[in-house]
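# Structural overview for review
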Amino acid sequence: MLGERKMREIAERVLSLSAANQTEVIIMSEDSGLTRFANSYIHQNVAERNVGLRVRAVVGKKIGVASSNDLSQEALERVVERAMTIAKLQPENPDFTSLPSPATVAEIEAFDEATASFSPEDRAKAVGLVCQLALNNGLIASGAFTTGAGELAVANSLGIFAYYSTTTADINTVIMSDDSAGYAAATAWKVGEINTEVVGAEAVEKALQTRNPRELSPGRYPVILEEYAVADMLETLAYLGFGALAVQEGRSFMVDSFGKQIMSDAISIWDDGLDPTGLPMPFDFEGVPRQRVDLIKGGVAEAVVYDSYTAGKEGRASTGHGLPAPNTYGPVPGHIFMAPGEASKEEMLETMERGLWVTRFHYTVPVHPKLAIVTGMTRDGTFLIERGEVAYPIKNLRFTQSYIEALANVELVGRATRLQQSWFGGVRAPALKLAEFEFTGATEF
Amino acid sequence: MRELTDRALNVAEIEGATYADIRTVRRENQSIVVKNGKVEALSQDENQGFGVRVILNGGWGFASSSLLSLEEVERVTALAVEIARASALVKTKEVDIGPPIVYSDTYSTPVKIDPFQVPLERKIELLLAADAGMRLAEGVAVAKSNLQFVRERKGFASSEGSFIEQEIIESGGGLEATAVGEGDVQKRSYPNSFGRHQGTAGYELIEEMDLVGNAQRVGEEAVALLTAPQCPGMVTILILGATQLALQVHESCGHPIELDRVFGSEASYAGTSFLTTEKLGTFRYGSEIVNITADATIPGGLGTFGYDDEGAPAQRVPIVKDGTFVGYLTSRETAAMLGQESNGCMRADGWNRIPLIRMTNINLEPGKWDFEDLIADTDEGIYMEMNKSWSIDDKRLNFQFGTEIAYQIKKGKLGQLYKNATYTGITPEFWAGCDAICNQKHWNVWGTPNCGKGQPQQVAHVGHGTAPARFRNVQVGVMK
């Protein structure tokens, strides 16, 4: 860890080296470890210490970006020079307005010393518990346990300097027998909030329950989606359509939908980088304070997130969702929450006449992004429900389904939520009971 | 570099490691993206560091750092040893990497034109011309084009005595036209999807692509798709174009032959494989005309190199021979478990990642057909080309892929244009239905620069040699 003072000093040195009209510098540092296990033993155990420096130089309306992970004076000079040279070589981008101006960043707590100092031995002991649970039940364990600390500082020549430090801990496991598998996972920024025995026990129970799966014909079924599957849906919707550039380019399902009811009134989805029950991050990669943005409220399409570039195009302010420059994909919400409901998973089960219980999805990809039609597989715990009870485990099915249509047919929303790690941050989601979901294929296990 | 590597190997030996290796990597990337007449992104990135891998008490340890100094090498090597000790706390067997491999050598990608010496202005000019070409088609909402160049210099030294230095150079580029209609978005790419085609080559590869010459057609096809009918749902004959077949080979052959997956190393993330070891040498993977080879030596392939990241030399090995499954992609450790020697497939995504078994160039060997003859020989079916969506189950059996464009085949001719084309199947059943593969004239090694695997995820650059091929009894048109 470099610390705020050192990062500020590097940022000031970089800004003083630049002769561009506007300059932005992003400095990141990471110190992390990952213990991976398979066949109930540790097969991969790694540690990484890295830093990163990214400079965006603006000359008129020409923008150049260069980066390095070398923080020597010579490298800083080289990166600034390179960003300037690149900027000067290209034509002007008339859509660019300005780098953002300073604004007050909220103080948040996102760093936990116990997580930062969690050792390889600590991780090995935790993983050992999961492996032992599996072995005790005649099963085999695989998974990964990550702990780490990171820092981010963003500064620009308009006066922004923002810094925060954070920690993360994440464990996921798949416990298997010859013909079954169960999954469980947990994420927190405090490793003390993760109970590896509970995680292991959940996956073991699923692996035991899914033995001797039977075939089931694909078709339309009511479904109970556990939190893992719902988080996958939210993450997919986030990158497909909850960013301003996706709307500006006409590829988002939110186009022409603002103010309209597009999902069930039981569904509210928002992004909040300040919520301590997620993986908090108080500002974005442009140093702009993150704002809570209500994306879907009571099923109504409310808003999308902006960075300074997409906000500038519409003459509005960034919501603090910029990614590191250069970013051609546009802003993406990274701290997503779905509002919990009143139901327990037991109530969902008891009220289902005939349908499927899905633990998680696998390999979900958009087939038609604008309609949010996605295909993927079920995995690690799929069951047929009959008359309010689990009838038997089933072999995994492929679905091809519009997520928007699925979320328009919500029957119950779970009262408990789980935090999952995502590509851009975290997703906290409840379980859902949906009136129908279209399964279009089946596999052999 | 030698001073750093020697220090790491000495520290590892003193600490009691029974094996150690160190990799130093310096990677430079240049990326240019043009969108709707504007340079949307232009960046030049450099990244360097080293990673130390050790075996101690029968367990693996790996640690890495971006700081290239002797003191840091000592700290990181000691940390790798500490991690290996922790790994040994949870083990069911001792790590065995087989007999020593010792090479002292250098390797450089052969290039005609060093892409980093080509002026940026020339590259920008090329993309702006291609961008304008795409937007000649009325209705193109987003025209996007890009060029990517990579230079990776890496060194490898092991406690067994290997010392290898390599320079890998990659060039890539592509176009993408997106047309937006009422409630619909359609896309066409060239020469491949995922933004670009890429190879281990110099700027000559970009010149061969003729991006400008193809731009207007790409734009027009995207617009035409908006009003095309939906691909109908049926079981029919399917002819796949070469780039879609590259993706098919990647997902349904390339991943399930990774021997670490077979042994469960990826079980919790990407999954395992249906190609379990008792099937080796006997399992009928496809029809008798299906021959698949892993070839890390083919010139220009994106998965071409001199040595892998364990110091094993690049090789060409059979995977499927006359339809029978005969080989895996291996590492030293997994090969030893089968009583074999590594066929050189361990690669790491940079200095801060541990090597994993990755595809090299997984090639469907060419057949005998001319493409025109193949279409003429097909009475009724669908032709699909260029990947748009891809999903496959965690044992690599049930897949569903979508393509950017499709045409009806009727009485030996390409006819009606279709949009939103999809097809689905079970891997060995699908390959069993392969009854024709086009010849060398239509064959090319396509680069896949976005192959993900591992935790933390590592992105590998791999290649697939393919020519168009025909498949019987395929379910198409899954999306209603």
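Residues numbered from 1 in each chain as written. Chains lettered and ligands numbered in written order. Predicted model: local features only at pLDDT ≥ 70, side-chain atom pairs only at ≥ 80, totals over all residues. Heavy atoms only, no water.

### A few points about the domain arrangement of chain B
Residue and element names in this part refer to chain B. As assigned here, chain B comprises domain 1 (2–227) and domain 2 (234–476). Look at where the C-alpha atoms of domain 1 and domain 2 centre, and you get two points 21 Å apart. Of the roughly 4200 Å² buried at the junction of domain 1 and domain 2 (both faces included), carbon and sulfur atoms supply 54%. Note that Arg-188 and Glu-404 form a salt bridge whose closest N and O atoms lie 2.9 Å from each other. The tally of links from domain 1 across to domain 2 stands at 25 residue pairs in polar contact (both at pLDDT 80 or more). For the side of domain 1 that touches domain 2, the element with the most residues is strand β2 (residues 38–56), which contributes six residues. Taken together, the residues of the side of domain 1 that touches domain 2 sort by class into 20 nonpolar, 17 polar and 14 charged. (Domains from an automatic or database assignment. Buried area = accessible area lost by both parts, 1.4 Å probe. Salt bridge = Lys/Arg side-chain N within 4 Å of Asp/Glu carboxyl O. Polar contact = N/O pair within 3.5 Å; in protein donor to acceptor, adjacent residues only side chain to side chain. Helix = DSSP H or I, 4+ residues; strand = E, 2+ residues; numbered from the N terminus. Nonpolar A, V, L, I, M, F, W, Y, C, P; charged D, E, K, R; others polar.)

### Looking at the pairing of strand β3 (residues 62–68) of chain A
Residues and elements named next belong to chain A. Most of β3 is tucked away: six of the seven residues are buried. Inspection of the sheet shows strand β2 (residues 41–59) paired to β3 by seven bridges, in the antiparallel sense. Within β3, the residue paired with Arg-56 across the bridge is Val-65. Turn length for the β2-β3 hairpin, with the two strands adjacent in sequence and antiparallel, is two residues, and the turn residue Gly-60 shows positive phi of about 65 degrees. (Buried < 20%, exposed > 50% of the residue type's maximum accessible area, 1.4 Å probe, protein only. Pairing = 2+ DSSP bridges.)

### Concerning the nonpolar core
As a rule of thumb, soluble globular proteins bury nonpolar side chains together. In terms of nonpolar packing, the biggest core is built from 54 residues, with Leu225(A), Ile269(A) and Phe437(A) touching the most fellow members. Top element by residues in this core is helix α6 (residues 227–241) of chain A. It accounts for eight residues. Those residues in contact with Ile269(A) that lie beyond four places of it in its chain are Leu234(A), Phe242(A), Met263(A), Val293(A), Asp294(A), Leu295(A), Ile296(A), Ile336(A), Phe337(A) and Met338(A). Of all hydrophobic cores here, the second largest spans 52 residues; its members include Leu247(B), Ala294(B), Met384(B) and Ile437(B). (Core = buried A, V, L, I, M, F, W, Y, C linked by side-chain atoms within 4.5 Å. Contact = heavy atoms within 4.5 Å.)

### Notes on the pattern of salt bridges
For the structure shown, the criterion picks out 62 salt bridges over all chains. Note that Arg292(A) and Asp294(A) form a salt bridge whose closest N and O atoms lie 2.9 Å from each other. For Arg292(A), a relative accessible area of 46% gives the class partly exposed. As a salt-bridge pair, Arg316(B) and Asp295(B) come within 3.2 Å of each other at their nearest N and O atoms. You can see Arg316(B) sitting in strand β11 (residues 316–321) and its partner Asp295(B) sitting in strand β10 (residues 292–295), a full 21 residues away along the chain. Take Asp295(B): its relative accessible area is 4%, and that puts it in the buried class.

### Digging into the domain arrangement of chain A
Residue and element names in this part refer to chain A. Taken domain by domain, chain A holds domain 1 (4–199) and domain 2 (213–445). Using only C-alpha atoms to locate each centre, domain 1 and domain 2 end up separated by 24 Å. At the junction of the two partners, domain 1 supplies 38 residues and domain 2 supplies 32 residues. Here domain 1 packs against domain 2, burying approximately 2800 Å² in sum over the two surfaces, 66% of which is carbon and sulfur. Inspection of the domain 1/domain 2 interface yields one salt bridge. The residue Arg-56 makes a salt bridge to Glu-286 at a minimum N-O spacing of 2.9 Å. Going through the elements one at a time, β1 (22–38), β2, β4 (140–156), β5 (161–176) and β6 (181–188) are the ones with two or more residues in the side of domain 1 that touches domain 2.

### Digging into the sheet that holds β10(B)
Residue and element names in this part refer to chain B. One open sheet accounts for four strands, arranged β12-β11-β10-β15; its pairing is antiparallel. The sheet terminates laterally at β12 (324–325) and β15 (362–364), the two strands that pair on one side only. Where β10 and β15 come together, three bridges link them in antiparallel fashion. Paired with Thr-293 across the two strands is Asn-363, which belongs to β15. Running at roughly 120 degrees to β15, helix α6 (residues 242–254) makes contact with β10, β11 and β15 of the sheet. (Axes fitted to C-alpha atoms, helices over the stretch in contact; angles between N-to-C directions.)

### Things to note about unusual backbone geometry
Residues Ala325(A) and Pro326(A) are joined by a peptide bond in cis, for which omega reads -5 degrees. Positionally, Pro326(A) belongs in the loop between α8 (308–313) and β11 (335–338). Following Tyr190(B), the chain continues to Pro191(B) via a peptide bond in cis, the omega torsion being -5 degrees. Following the sequence through the fold, Pro191(B) ends up in the loop between β7 (184–190) and β8 (197–199). Non-glycine residue Phe194(B) carries a positive phi angle of around 60 degrees. Located in the positive-phi region is Asn420(B), a residue other than glycine, with phi close to 50 degrees. Relative to the helices and strands, Asn420(B) is located in the loop between β18 (413–418) and β19 (421–426). When its relative accessible area of 5% is taken as the criterion, Asn420(B) is described as buried.

### A short note on the packing of aromatic side chains
Residues and elements named next belong to chain B. Counted under the stated rule, the structure contains 26 aromatic pairs over all chains. Ring centres of Phe-399 and Phe-401 lie 5.1 Å apart, and the angle between their planes is 15 degrees; this geometry places the pair in the stacked category. Across the pair, Phe-401 and Phe-399 agree in class, each one buried. Look at Trp-431 and Phe-471: their rings are 5.5 Å apart centre to centre, the planes differ by 80 degrees, and that puts the pair in the edge-to-face class. Taken together, the residues Trp-431 in helix α10 (residues 427–432) and Phe-471 in strand β23 (residues 469–476) connect sequence positions 40 residues apart. Trp-431 sits in the buried class, given a relative accessible area of 0%. Judged by its relative accessible area of 0%, Phe-471 falls in the buried class. (Phe/Tyr/Trp six-rings, centres within 6.5 Å; stacked < 30°, edge-to-face > 60°.)

### A few points about the interface of chain B and chain A
With 86 residues of chain B in contact, the opposing surface of chain A contributes 75 residues. Summing the contributions of chain B and of chain A, the shared interface buries around 6600 Å²; its carbon and sulfur component is 53%. On the chain B side of the interface with chain A, the three residues burying the most area are Glu46(B), Val90(B) and Gln455(B), jointly 10% of the side's total. Inspection of the region where chain B meets chain A yields eight salt bridges. Across the salt bridge formed by Arg78(A) and Glu46(B), the nearest N and O atoms sit 2.4 Å from each other.

### Remarks on the environment of Gly425(B)
Residue and element names in this part refer to chain B. By the element assignment, Gly-425 lies in strand β19. The buried category is assigned to Gly-425, whose relative accessible area is 18%. Measuring from C-alpha to C-alpha, the distance between Gly-425 and Thr-106 comes to 44 Å, with 319 residues separating the pair along the chain. For Gly-425, the residues in contact, after removing those within four places along its chain, are Leu-397, Asn-398 and Phe-399.

### Some words on helix α1 (residues 2–15) of chain B
All names here are of chain B. In this model, α1 (14 residues) spans 20 Å end to end at C-alpha, consistent with the 20 Å of a helix rising 1.5 Å per residue. Residues of α1 that are buried include every one of Leu-4, Thr-5, Ala-8, Leu-9, Val-11 and Ala-12, and no others. Within α1, the buried residues cover an arc of 160 degrees as seen down the axis, which keeps them to one side. Of the exposed residues in α1, the ones pointing more than 90 degrees away from its buried face are Glu-3, Glu-13 and Ile-14. Of the surrounding secondary structure, the elements contacted by the buried residues of α1 are β1 (19–35), β2, α2 (70–87), β5 (140–158) and β6 (163–181). Where α1 ends, the next residue or the one after it, Gly-16, has phi of about 100 degrees, a positive value. (Expected span 1.5 Å × (residues − 1). Arc of directions from axis to C-beta.)

### Points about the side chain of Arg36(A)
Its location among the elements puts Arg36(A) in strand β1. Side-chain polar atoms of Arg36(A) contact the side chain of Glu266(B), separated by 2.8 Å. Among the polar contacts listed, one links the side chain of Arg36(A) to the side chain of Gln455(B), at a separation of 3.4 Å. Residue contacts for Arg36(A): discarding those within four places in its chain leaves Tyr41(A), Ile42(A), His43(A), Gln44(A), Gly143(A), Ala144(A), Ser265(B), Glu266(B), Tyr269(B), Gly454(B) and Gln455(B).

### Some details on the pairing of strand β15 (residues 397–402) of chain A
All names here are of chain A. The element β15 is extensively covered by neighbouring structure, given that six of its six residues are classed as buried. With five bridges joining them, strand β13 (residues 373–386) and β15 adopt antiparallel strand pairing. Among the inter-strand pairings, Met-377 is bridged to a residue of β15, identified as Arg-398. Across three bridges, the pairing between β15 and strand β17 (residues 426–442) is antiparallel. Of the residues in β17, the one forming a bridge with Arg-398 is Gly-441.

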